[in-house]
Amino acid sequence: MLEIKNLHARIVDDGTEIIRGLNLTVKAGEVAAIMGPNGSGKSTLSYILAGREDYEVTEGDILYNGQSILEMDPAERATSGIFLAFQYPMEIPGVATMEFLKVAMNEQRKARGEEPLKIPEFLKRVKDAAASLNMDMAMLKRPLNVGFSGGEKKRAEILQMKLLEPNLCVLDETDSGLDIDALKIVSDGVNALRSPDRAIVIITHYQRLLQHIEPDTVHVLYRGQVIKSGDKSLALDLEANGYAGVIGQAA
Amino acid sequence: MPAVQDTIDRVRKIDVDQYKYGFQTEIAMDKAPKGLSEDIIRFISAKKDEPSWMLEWRLEAYRRWVTLDEPKWARVHYPKIDFQDLYYYAAPKSTPGPTSLSDVDPELLRVYEKLGIPLKEQEILAGVQKTDASELEEPSDNVYKSGRVAVDAVFDSVSVVTTFKKELAQAGVIFCSISEAIREHPELVKKYLGSVVPTSDNFYATLNSAVFTDGSFVFVPKGVRCPMELSTYFRMNEKNTGQFERTLIIAEEGAYVSYLEGCTAPQRDENQLHAAVVELIALDDAEIKYSTVQNWYPGDAEGKGGIYNFVTKRGDCRGHRSKISWTQVETGSAITWKYPSCILRGDDSSGEFYSIAVSNGYQQVDSGTKMIHLGKNTSSRIISKGIAAGLSQNTYRGQVSAHRKATNARNFTNCDSLLIGDQCGAHTVPYMEAKNATAKFEHEATTSKISEDQKFYVMQRGIPEEEAIALIVNGFVKDVIQQLPMEFAVEAQKLIGISLEGSVG
Ligand SMILES: Nc1ncnc2c1ncn2[C@@H]1O[C@H](COP(=O)(O)OP(=O)(O)OP(=O)(O)O)[C@@H](O)[C@H]1O
Ligand SMILES: [Mg+2]
């Protein structure tokens, strides 16, 4: 589903290269975990996947379902099924969460040539999704992410993901800021989305999340490259021994 | 933001200039000769069958006007206007004056139909639909079809029809064109016309006093709550013709009225002049809510054409505990020069000004308000949201003053500006003056750019760039949109989205 080939990318403003020859393949149905020290380029990779303009791809390619997505803008990538749960979700003052959901869902439907959702159907979907994430409907009347606590923002990201039903889900540190119960609820939400035609990429620092959402593959990102890949035991190994060993091997 | 979804549909349907109301209509017109003179004023007055006192009033204004110079203090630039190169009167031939609907030229009715404003009452009522209680349900797309709005339709220099007059009359409310009011209710017009904006007020107001052609007149008697929204729809159609609208609204003791004006004009290469005067008078315990959705043709992408909108609007809170509230959504015009103001004369009176001013392309906006505190315990509130995109310049200019005797005057001002792109400008020019030590004035101002982070986030959910910006901007102006009569809020949101079209990329 996702094939990243020898990707090099730099910051447009100052030319600093952040992603330096990164290779990664994630198949449909797969849950891939990406780990790596702070500043290694995990969030940057997620932004580049989603099409953020601050970064420029200088070499390599990103194939999604066999097609290069480099020429697509963020909205086009989103409507083609790529979803990014942000490490730091943005606040959108004055725009009620509910309205935002409606606009987003209907824009995506429109791009697929479908009719906008009827209000009752929309409400039903939102209510069901919110209930499954233990979210209060009253919160959805508030402007999106404005004044939400850290954990509430993360939950709101997963709520959007559930409602938009993407094919490729990228979760950037969705576990940080979640309390123990919320971690369980959010993990259940993600697990419910596991399906043979969907790929999930989970960026995390902690093995704890991977106990809830068991990954098929684990990749270590370091200085803009995947330096080691393995199965879930790699995450346990990192938890026990830190990154030093893996980095040493790669050097 | 139900608007956003529709905004794109609408925008797509509009060609390069994006101005959907830019069509012209061929209608046989009765025009005054070009230029301005005492004879032209006599011509206008005669056309309107005016009493002699009205003509005298106009002539006096004209004689004063010839001695005045155009104001220069606003941050707007335009070539000198040749006032002799304009037509001051143009009326559809078939409408010699206010008529019943059956006398109106069907071609004219089609113009308003095309603008989304049906004028046939029976059709309006037939089209009234049951509104859904669901909070997310979009209000009926077209408010004028909701049956809750009475419309006075002004085409160039004359009012062609006023709807729901009978229903309003039953409640004691007078709603008609100013021309009709001058003939039918001279005592009221004489008493109030020019009592808020004197003929000597300023260059454009003086010009307007001399040549005003039509506009609306509203009188809500003591204790009456006007049973429906009142609205005037101004259409400038004729080439090289100025529109000089004059509106007068009076709310007697304890009365309430909510009034809305909308306006459009065809796309033309030349600039057109619109110089209006609006006067509001609120007596003891009365309340007037005046909303504007201004959508005059803004000019093309190169800055050619567009309306010069030089407007004097002022409300007089003449009575104790009276209240006047201005809400404006300004998206059109090449140049906007407009400061709807409140004179807080009565004790415990209050004034409000809520404004959204969107500028794009080469538009220039210099707008704001004046709150003049004269009575005791008067309060005012100013919320201004300026959005500048393209190469436009957007200035908020405000004045808050407390007179020596105005003990306990209160003002709160909040001016936020949002910039889209880096070639536009936003400016805030507040003046504050308190001659009474008990006055408490608060002022907040912010200027921000639309953040790339926000835009990326919104687009990541599948919302295209233009819609993402419209969504963020509509969030930014939410506080003001909420002040509009509910029926018009959706319309205003759409308009904002449309006027920002082309602001990126
Ligand atoms: N727009 C930018 N301007 C300057 N530096 C940037 C920019 N974007 C990324 N970087 C730098 O690139 C590196 C990778 O950042 P990134 O956020 O991708 O790391 P990360 O792996 O997600 O780290 P963390 O685990 O702390 O979230 C960091 O050194 C960061 O400072
Ligand atoms: Mg990160």
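Residues numbered from 1 in each chain as written. Chains lettered and ligands numbered in written order. Predicted model: local features only at pLDDT ≥ 70, side-chain atom pairs only at ≥ 80, totals over all residues. Heavy atoms only, no water.

Turning our eyes to something else, we now look at the overall build of chain B. Secondary structure assignment for chain B yields 13 helices and 23 strands. Within chain B, the fraction of its 505 residues that count as buried is 64%. Carbon and sulfur atoms form 48% of the exposed surface of chain B, whose accessible area is close to 18200 Å². (Helix = DSSP H or I, 4+ residues; strand = E, 2+ residues; numbered from the N terminus. Buried < 20%, exposed > 50% of the residue type's maximum accessible area, 1.4 Å probe, protein only. Areas by Shrake-Rupley, 256 points an atom, 1.4 Å probe, with all protein chains shown as cover.)

Let's shift gears to the overall build of chain A. Along the backbone of chain A there are nine helices and ten strands. The C-alpha atoms of chain A give 18 Å as radius of gyration, which agrees with the globular expectation for 251 residues (18 Å, within 12%). The buried share of chain A, taken over its 251 residues, is 55%. A separation threshold of at least 6 residues defines the contact pool for chain A, and within that pool the share at least 24 residues apart is 68%. (Rg over C-alpha atoms; globule rule 2.2 N^0.38 Å. Contact = heavy atoms within 4.5 Å.)

Turning next to the interface of chain B and chain A. In this complex, chain B contributes 28 residues to the contact, which on the side of chain A involves 39 residues. Between chain B and chain A the total buried area reaches about 2900 Å² when both faces are included, carbon and sulfur atoms providing 63% of it. Applying the counting criterion to the chain B and chain A interface returns three salt bridges. A salt bridge links R461(B) to E157(A); its shortest N-O distance comes to 2.6 Å. Our enumeration of links across chain B and chain A arrives at eleven residue pairs in polar contact (both at pLDDT 80 or more). Looking at the side of chain B that touches chain A, its residues break down into 13 nonpolar, seven polar and eight charged. (Buried area = accessible area lost by both parts, 1.4 Å probe. Salt bridge = Lys/Arg side-chain N within 4 Å of Asp/Glu carboxyl O. Polar contact = N/O pair within 3.5 Å; in protein donor to acceptor, adjacent residues only side chain to side chain. Nonpolar A, V, L, I, M, F, W, Y, C, P; charged D, E, K, R; others polar.)

Residues and elements named next belong to chain A. Taken in spatial order, the six strands of this open sheet run β6-β7-β8-β3-β9-β10, and their pairing is mixed. Two strands close off the open sheet at either side, each with one partner strand: β6 (82-85) and β10 (225-230). Neighbour to neighbour, the strand axes of the sheet diverge by 20° on average, direction disregarded. Summarising the sheet, strand β9 (residues 217-222) and β10 pair through five bridges and their orientation is antiparallel. Each bridged residue has a counterpart across the sheet, and for Y222 the counterpart in β10 is Q225. With respect to the sheet, helix α8 (residues 232-241) is in contact with β3 (31-35), β9 and β10, its orientation differing from that of β9 by roughly 50°. (Pairing = 2+ DSSP bridges. Axes fitted to C-alpha atoms, helices over the stretch in contact; angles between N-to-C directions.)

This brings us to helix α1 (residues 42-50) of chain A. Residues and elements named next belong to chain A. A large share of α1 lies buried, amounting to nine of its nine residues. Turning to α1, its buried residues are K42, S43, T44, L45, S46, Y47, I48, L49 and A50. Immediately beyond the C-terminal end of α1, within one or two residues, lies G51, with a positive phi of roughly 95°.

This part is about the pairing of strand β16 (residues 341-344) of chain B. Residue and element names in this part refer to chain B. Residues S341 and I343 line one face of β16 and the alternating positions C342 and L344 line the opposite face, and both faces are buried. Relative to β16, strand β13 (residues 306-317) is paired through four bridges, and the arrangement is parallel. Bridging across to β16, C317 finds its partner in L344. Two strands pair when backbone bridges link them, and β16 and strand β18 (residues 364-373) are joined in this way by three bridges, in the parallel orientation. Of the residues in β18, the one forming a bridge with I343 is I372.

This paragraph deals with the site of ligand 1. Residues and elements named next belong to chain A. The environment of ligand 1 is made up of 14 residues, and the closest members are K42, S43, T44, Y55 and H205. Contacts to ligand 1 include T44, whose side-chain N or O atom sits 2.5 Å from an oxygen atom. At a separation of 3.2 Å, an oxygen atom of ligand 1 approaches a polar side-chain atom of Q87. Broken down by element, the residue count for the shell around ligand 1 peaks at three residues, all from α1. (Near = heavy atom within 4 Å.)

The next subject is the pattern of salt bridges. Residue and element names in this part refer to chain B. Applying the stated criterion across every chain yields a total of 34 salt bridges over all chains. Residues E38 and R63 are paired through a salt bridge, measuring 2.9 Å at the closest nitrogen-oxygen approach. Placement of the pair is E38 in helix α2 (residues 38-47) and R63 in helix α3 (residues 52-65), with a sequence separation of 25 residues. Residue class for E38 comes out partly exposed when judged on its relative accessible area of 24%. One salt bridge in this structure joins R58 and E50, with 2.7 Å as the shortest N-O distance. For E50, a relative accessible area of 13% corresponds to the buried category. A single salt-bridge network, built from bridges that share partners, covers E38, D39, R42 and R63.

Moving on, we come to the UniProt feature "domain: SUF system FeS cluster assembly SufBD N-terminal" (unreviewed entry) in chain B. Within the UniProt annotation, "domain: SUF system FeS cluster assembly SufBD N-terminal" (unreviewed entry) is assigned to residues 165-226 of chain B. A helix fraction of 47% and a strand fraction of 15% characterise residues 165-226 of chain B, whose end C-alpha atoms lie 12 Å from each other. (UniProt positions renumbered as here; feature names shortened; annotations may be inferred.)

Before going further, it helps to spend a moment on the coordination of the magnesium ion (ligand 2). Residue and element names in this part refer to chain A. Coordination sphere of the magnesium ion (ligand 2), protein contribution only: S43 (OG) and Q87 (OE1), at 2.0 to 2.2 Å. Linking S43 in helix α1 with Q87 in the loop between β6 and α3 (97-111), this pair joins segments that are 44 residues apart in sequence. Take S43: its relative accessible area is 17%, and that puts it in the buried class. (Donors = N, O, S within 2.8 Å, 3.2 Å for Na, K, Ca; no water.)

Further remarks concern the confidence of the model for chain A. When pLDDT drops low, the exact placement of atoms in the prediction is not to be read closely. Residue-level pLDDT values for chain A average 94, and 100% of them are 70 or greater. Here helix α9 (residues 244-250) of chain A stands out as the element of chain A with the lowest mean pLDDT, 82, in contrast to β6(A), whose mean of 98 is the highest. (pLDDT = per-residue confidence, 0-100.)

In this section: the packing of helix α5 (residues 150-164) of chain A against helix α6 (residues 180-193) of chain A. All names here are of chain A. Here α5 crosses α6 at 15°, and the two axes come no closer than 11 Å. Relative to α6, the element α5 is oriented roughly parallel. When you trace α5 past α6, the crossing you get is left-handed. Facing α5, whose interface residues are R155, I158, M161 and K162, α6 presents A182, V186, G189, V190, A192 and L193. Its residues assigned to classes, the contact of α5 with α6 shows seven nonpolar, one polar and two charged. (Parallel < 35°, antiparallel > 145°, perpendicular 65-115°, else oblique. Left-handed = near helix turned anticlockwise from the far one by under 90°.)

In this section: helix α10 (residues 452-459) of chain B. For an α-helix the count is 3.6 residues per turn, leaving residues at separations of three or four pointing the same way. Of all eight residues making up α10(B), six are buried, and the element is well covered by its neighbours. Taken together, the buried positions of α10(B) are Q454(B), K455(B), F456(B), Y457(B), V458(B) and M459(B). Elements that come into contact with the buried residues of α10(B) comprise α1, α2 (74-79), α3 and α5 of chain A together with α11 (465-476) of chain B.

Let us now look at the UniProt feature "domain: ABC transporter" (unreviewed entry) in chain A. The sites that carry the UniProt feature "domain: ABC transporter" (unreviewed entry) are, in the present numbering, residues 2-248 of chain A. Along residues 2-248 of chain A one finds 38% helix and 26% strand; the C-alpha atoms at either end are 28 Å apart.

Time to look at the environment of R52(A). Inspection of the secondary structure puts R52(A) in the loop between α1 and β4 (55-64). In sequence terms R52(A) and D73(A) are 21 residues apart; their C-alpha atoms lie 7.9 Å from each other. Leaving out residues up to four positions away in the same chain, R52(A) has contacts with Y47(A), D453(B) and F456(B). Polar contacts involving the side chain of R52(A) include one to the side chain of D54(A), which spans 3.0 Å.

In this section: the packing of aromatic side chains. Residues and elements named next belong to chain B. Considering all chains together, one arrives at 25 aromatic pairs over all chains under this definition. On the basis of an interplanar angle of 90° and a centroid distance of 5.1 Å, the ring pair of F203 and Y204 is categorised as edge-to-face. In this structure F203 comes out as buried when scored by relative accessible area, which is 6%. Looking at Y204, the relative accessible area reads 1%, which means it is buried. Put simply, the rings of Y62, W65, W73, Y78, F83, F203, Y204, Y308, F310, W337 and Y339 touch in pairs and so form one group of aromatic residues. When the ring centre of F212 is taken as origin, the NZ or CZ atom of R246, which lies over that ring, is 5.8 Å away. (Phe/Tyr/Trp six-rings, centres within 6.5 Å; stacked < 30°, edge-to-face > 60°. Lys NZ or Arg CZ within 6 Å of the ring centre and 35° of its normal.)

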